[in-house]
Amino acid sequence: MNKFKNVLLYFPSIENGGMERNLFNMFNFISDKRLMNVYILTNFIEKKIKKKISKKIKIIHYKSKKKILNNRYLISFVSFLYFYSVLKKKFSPKNSLIFSAQNSSISILLSKTLNYKILVRNGNHPLGSLIYSENKILSFLSFILKLFFYNFTDKVICNSKQSTNFLKNFIFPRSKVKYIGNSTLLIRNNLKIKRNNYIITAGRLSKQKNLQTLIKAFYLFSKIKKNFKLIILGEGKQKVKLQKLCHNLKISQKVLFKNFVNNPNKFILSSKIYVCSSLYEGLPSSIIEALNLGTPVVSSDCKSGPKEILKNEKYGYLFPVKDYNALSKKLLYVCNNYHKAIIKTKKGQKSLKSFQVDNVSDLYMKEMNKLFFK
């Protein structure tokens with residue numbers, strides 16, 4: 001095996017979402033610059049996202065037989081055995097480390113069994129995801145297991161300062177936990193571009209994204225601003241439920257469901273306001289990307305991230321989680337004071353340098369190199 005340093009990205013299920021875009025911005029950069037060899041260990045990868053991964057990144061793919069292995073715990077166990085075999089035969093702990101993007105318990109077990117160094121990336125705020133879980137008992141067990149296993153890692157990277165401070169209360173030594181924000185490809189946009197009367201959001205149609213609040217707020221908003229439309233980019237289990245809500249509120253003609261699109265920037269650029277209505281987040285890349293494109297942002301003040309990116313409304317607008325009345329008022333305020341919103345957005349654009357992919361990649365490289373020489 002090549003003595004060049006290897007990063008083994010453990011990512012069991014790779015779908016077309018913000019976390020995936022963020023990580024592959026960084027790993028494409030690291031791989032293309034030949035800073036390290038990058039390998040992906042995965043069970044499943046969507047074709048849409050596979051096309052966006054650098055050809056220099058090698059994919060080690062365990063194709064789970066979903067018809068036979070319907071249980072995700074059984075799939076995890078079998079894939080653990082498969083990746084154990086791959087790591088044992090093809091890689092050496094001396095010049096390789098595991099970078100865990102998902103299912104940290106399994107990746108930590110792999111690393112400890114085979115004596116690999118491991119870096120775990122924590123995405124969503126742990127407490128936020130517990131509070132708004134549909135199954136509190138399973139989520140509490142998952143929460144406890146996560147905190148327990150994190151203590152056996154070599155490094156935990158959080159993408160928000162709020163998550164970092166929270167985890168430092170449970171992980172020892174506290175120095176294991178470090179903050180590094182998400183990465184993005186900066187495209188400075190001309191703020192004078194003509195925009196249509198669209199309000200837009202993007203992401204998975206899941207409970208976490210809380211699109212019911214956005215739809216109810218838009219219903220109230222559209223009573224006053226009758227010539228606006230709401231665009232929802234994304235796919236997910238809640239689509240039918242959300243469409244039914246639009247039907248019941250009699251706004252179906254004004255709400256456009258676009259699924260995932262190859263070029264979401266085109267839609268965000270043509271819209272007047274970007275909304276994040278989430279119950280919880282890590283550091284939402286969608287807000288960074290909207291600011292980057294010069295689109296004013298209104299976001300829930302959820303755990304965690306939006307307040308950090310928007311600097312407590314210096315660069316955008318916040319509303320209390322699940323408060324659709326407050327969101328409706330914020331949307332009206334932004335529309336009626338759009339010049340002020342653009343000024344905030346322009347300031348926000350100038351603040352995004354720390355999220356630039358080369359800067360974020362450099363910070364991750366420093367942490368990974370420390371583990372190689374630890």
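Scroll up a little and you will see the structure.
Because the structure is predicted, anything quoted here is derived from the model rather than measured.

A. The arrangement of unusual backbone geometry in detail. Looking along the chain, the bond that leaves phenylalanine 172 and enters proline 173 is cis, with omega of -10°. Positionally, proline 173 belongs in the loop between helix 7 (161-167) and strand 9 (177-179). Across the junction of lysine 303 and serine 304, the peptide omega takes the value -5°, indicating a cis bond. Tracing the backbone shows serine 304 in the loop between strand 14 (297-300) and helix 12 (306-309). For arginine 34, which is not glycine, the phi torsion reads 55° and is therefore positive. With respect to the helices and strands, arginine 34 occurs in the loop between helix 1 (18-32) and strand 3 (37-42). Using a relative accessible area of 42% as the deciding quantity, one classes arginine 34 as partly exposed. Located in the positive-phi region is asparagine 210, a residue other than glycine, with phi close to 55°. Inspection of the secondary structure assignment puts asparagine 210 in the loop between strand 10 (198-202) and helix 8 (211-224). In this structure asparagine 210 comes out as buried when scored by relative accessible area, which is 6%.

B. Highlighting a nonpolar patch on the surface. Together, Tyr73, Ile137, Leu138 and Leu141 make up an exposed nonpolar region whose accessible area comes to about 450 Å². In terms of residue count, helix 6 (residues 136-150) provides more of the nonpolar patch than any other element does, three residues in total. The residue leucine 141 is located in helix 6 in this model.

How each quantity is defined
- Residues numbered from 1 in each chain as written.
- Predicted model: local features only at pLDDT ≥ 70, side-chain atom pairs only at ≥ 80, totals over all residues.
- Heavy atoms only, no water.
- Helix = DSSP H or I, 4+ residues; strand = E, 2+ residues; numbered from the N terminus.
- Buried < 20%, exposed > 50% of the residue type's maximum accessible area, 1.4 Å probe, protein only.
- Patch = residues over 30% accessible without salt bridge, like charges linked within 9 Å, V, L, I, M, F, W, Y side chains within 5 Å.
- Areas by Shrake-Rupley, 256 points an atom, 1.4 Å probe, with all protein chains shown as cover.
- Salt bridge = Lys/Arg side-chain N within 4 Å of Asp/Glu carboxyl O.

Note that every value here comes from positions in space, so none of it alone points to a role or purpose.
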